Each structure stands twice: as structure tokens, then as C-alpha cells.
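# Structural characterization, general
Next come the chains, spelled out residue by residue.
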Amino acid sequence: MTIWNQIYEVDFQGFSYGFRPGRSPHQALDALNVGLVRRPVNWVLDADIRSFFDRMSHEWTMRFVQHRVADNRILRLIQKWLKAGVMEEGEWKETEVGTPQGAVISPLLANVYLHYVFDLWAEVWRKKVARGQVVVVRYADDLVMGFQHKAAVENRRRRGEKKPETFTFLGFVHQCGASPKSRFMVWRQTANKRMVAKLKQIKQTLRYRMHEPLKQIGTWLRSVLQGYYRYYAVPGNLRAMNVFRHRVQRLWRTTLRRRSQRPKVGWRHIGPLFARWLPVPRVLHPYPQFRFDVIHPR
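Report follows, based on the coordinates. It should be emphasised that the depicted structure is a prediction, and the values quoted were computed from it without experimental measurement.

Relative to each other, helix 4 (residues 58-65) and helix 5 (residues 72-82) sit at 155°, their axes nearing to 11 Å. With respect to their mutual orientation, helix 4 and helix 5 come out roughly antiparallel. With respect to the hand of their crossing, helix 4 and helix 5 are arranged in right-handed fashion. Touching His58, Thr61, Met62 and Val65 of helix 4 are Leu75, Ile78, Gln79 and Leu82, all from helix 5. Here the contact of helix 4 with helix 5 is composed, by residue class, of 5 nonpolar, 3 polar and no charged.

Printed below as a string of C-alpha cells:
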């Protein structure tokens, strides 16, 4: 896998970030933010490929791999990986499309497939066909393209739709805004769908662990919040972080009420508990342009 990664790292486009060594979702977010702010981008198209990992063609995957790999032993091994199948209700089922579940090679195969299907086309199109500036950022099957001229999003105009006010990418809702000095910038806020899903998961786990010692539950909740902050605590998103912490407090308070079978649990008792185990959020990431300029010095 290490050698194969090194082979394809030479080929992959710079705007491809998903499942590549040394690249992270936040680097993709930084690149997108810098592109939208520093280039004359007026229109944004965000898209993801529906059920991509379940429907990726095995035939075309092997054709793409054969462009760079000639060793028949490796090709046969990849073919076996693709045909590994899935377990459904305890029974093995052969698959004709899609990447193998849980295989370490699946992310790389997906990147190879999208490199030939989308990345190479996008690079040629924006250099030889597109009018004006074009920004492209792709993370796995989730991608965003920014255009200088609205002709690039003609289909949206035909439907009678205006320029989108917001778009979602890698768990953040992006929207136009201004800095305290009235400079244009892109604000990012946690996507509501992501927050709701995480809170539902916490709620279910709290019910399951309701009768465990408070120290164990508190330790677990603290690690959950810290992990959540590590990803979402970007500049401008503290309000959403505080909302998340407040809702976790409410969930834990409800659990404590059920555990003690008391309709009211006073703040005098739970306030110190929350203060000890539920850390207050703070910004953990620099502004996108600062980190981007360090990684990509000019």
C-alpha cells in the first residue's frame, strides 16, 4: 500500500484531498476558503456522487489501475479485493460493483477511479474550456467548484434559481460574510444535520450507560466534546459549539433525572458536574489563509 500510494501521489491533482497521506479535511476546507476569498469567484456548485462507494464499476476500476500497474500478480490481488463481497444477514454475497467493505485498499481505489473520471477532466476543462477563474476542491466523493462567470452554472439559471446563499462541504455550512474590518470572507458553521446526528448518538449512549458511575460518564462525555471541538472549533463557529455543549448538558440532565427518579435536579447539584466534565469550547484552528500559506508558501 505504501509503494502504491507513492506511485499515485505523483499523478493525483492538487485539488484532491480525500484519503491521501499528509492531507486532511481541514486542508481541503482551507484551500476552498482561500480560493473563494482570493479569486474572483461569484458562483459556487457543490455536489456529491450518490452511492459512489456502492456503485463504483469494477471493470473501469481495473482499466484505470492498468494505466499505472503492469504486474499481473498485483492486478489479480486487486481483482480479488473487488470481488470480496459483503455479508448480509450472516450470508456472503458476491458484488459486481462498489468497493470492498473495510478493505484498506478501498480509499485508494476510489481515489484512482475519481482521478480518471473527474479530476483529469476538470483540470483540462478549466484550463482550455472554462471562461474566467475556476476553483475546484474535492474530498472523496464530495466536491465544490467555484466559477467567475455564471454561464458555468447555466442549469441553475434555467430552473429560475438565484445564486445560492449557502452551501455545505465536509460538515460545514458556508456563507458569505464580512470581517470586523468589512472585508469579504466566508463564514463556516456546523451543518445542522451533523450536529443532530451526533446528539442522537450521545442520547442513545447516555441511556445505555445511565447507571454507570458519574465519573465514567463524565470522562466519556468530556472526550466526546473534545473530539467534536477538534474538528468543528474553527473561527466564527463558537456559537454553534456553545449550542452543542448546551444540548449535551440538557441530555445529561434528563438522564440524571431518570436515574434518580426525581422530576427536578437542581442546578446546585449539576452545575459543578457540568463545569468539571463538559469543557467550554474555544477556537482550535487558525484562520484558513494562515494555515494555507504555511503549507503552500509562495
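Now that the structure is up, let's keep going.
It is worth spelling out helix 12 (residues 288-295) at this point. Within the sequence span of helix 12, burial applies to Pro288, Arg291 and Phe292. All buried residues of helix 12 fall inside an arc of 100° around its axis, so they share one side. Residues of helix 12 that are buried in the fold lie against helix 2 (25-38) and strand 8 (184-190).

Our focus in this paragraph is the environment of Asn5. Mapped onto the secondary structure, Asn5 falls in helix 1 (residues 2-9). Between the C-alpha atom of Asn5 and that of Leu108, which follows or precedes it by 103 residues, the distance is 7.5 Å. If we ignore the near neighbours within four places in the chain, the residues touching Asn5 are Pro21 and Leu108.

The description of two aromatic rings rests on the distance between their centres and on the angle between their planes. Applying the stated criterion to the full structure yields 18 aromatic pairs. When the ring of Phe52 is compared with that of Tyr113, the centres are 5.8 Å apart and the planes differ by 55°; the resulting orientation is tilted. In this pair, Phe52 is assigned in helix 3 (residues 52-55) and Tyr113 in helix 6 (residues 106-128), connecting sequence segments 61 residues apart. For Tyr113, a relative accessible area of 13% puts it in the buried group. On the basis of an interplanar angle of 20° and a centroid distance of 5.9 Å, the ring pair of Trp121 and Trp125 is categorised as stacked. With Trp121 and Trp125 both in helix 6, this residue pair falls 4 residues apart, about one helical turn. Taken together through their ring pairs, the aromatic side chains of Phe19, Phe52, Phe53, Trp60, Phe64, Tyr113, Tyr116 and Tyr139 make up a single cluster. Positioned above the aromatic ring of Trp60, the side-chain terminus of Arg63 is 4.4 Å from the ring centre. Seen from the ring of Phe172, Arg188 lies directly overhead, with NZ or CZ sitting 6.0 Å from the centre.

Our next topic: a positive patch on the surface. A cluster of basic residues, Lys200, Lys203, Arg207 and Arg258, forms a positive patch at the surface. A total of 3 residues in the positive patch trace back to one element, the largest contributor, which is helix 8 (residues 192-208). Tracing the sequence through the fold places Lys200 in helix 8. Judged by its relative accessible area of 54%, Lys200 is exposed.

This next bit is on the pattern of salt bridges. In this structure the tally under the stated criterion is 10 salt bridges. With a shortest N-O distance of 2.5 Å, Asp11 and Arg68 are connected by a salt bridge. Pair noted here: Asp11 is in the loop between helix 1 and helix 2 and Arg68 is in the loop between helix 4 and helix 5, with a separation of 57 residues, a long-range link. Of the residues examined, Asp11 reaches a relative accessible area of 21% and is grouped as partly exposed. Through salt bridges with shared partners, one network takes in Glu123, Arg126 and Lys127.

The rules behind these values
- Residues numbered from 1 in each chain as written.
- Predicted model: local features only at pLDDT ≥ 70, side-chain atom pairs only at ≥ 80, totals over all residues.
- Heavy atoms only, no water.
- Axes fitted to C-alpha atoms, helices over the stretch in contact; angles between N-to-C directions.
- Helix = DSSP H or I, 4+ residues; strand = E, 2+ residues; numbered from the N terminus.
- Parallel < 35°, antiparallel > 145°, perpendicular 65-115°, else oblique.
- Left-handed = near helix turned anticlockwise from the far one by under 90°.
- Contact = heavy atoms within 4.5 Å.
- Nonpolar A, V, L, I, M, F, W, Y, C, P; charged D, E, K, R; others polar.
- Buried < 20%, exposed > 50% of the residue type's maximum accessible area, 1.4 Å probe, protein only.
- Arc of directions from axis to C-beta.
- Phe/Tyr/Trp six-rings, centres within 6.5 Å; stacked < 30°, edge-to-face > 60°.
- Lys NZ or Arg CZ within 6 Å of the ring centre and 35° of its normal.
- Patch = residues over 30% accessible without salt bridge, like charges linked within 9 Å, V, L, I, M, F, W, Y side chains within 5 Å.
- Areas by Shrake-Rupley, 256 points an atom, 1.4 Å probe, with all protein chains shown as cover.
- Salt bridge = Lys/Arg side-chain N within 4 Å of Asp/Glu carboxyl O.
- Lys, Arg positive; Asp, Glu negative; His and termini not counted.
- Charge placed at Lys NZ, Arg CZ, Asp CG, Glu CD.

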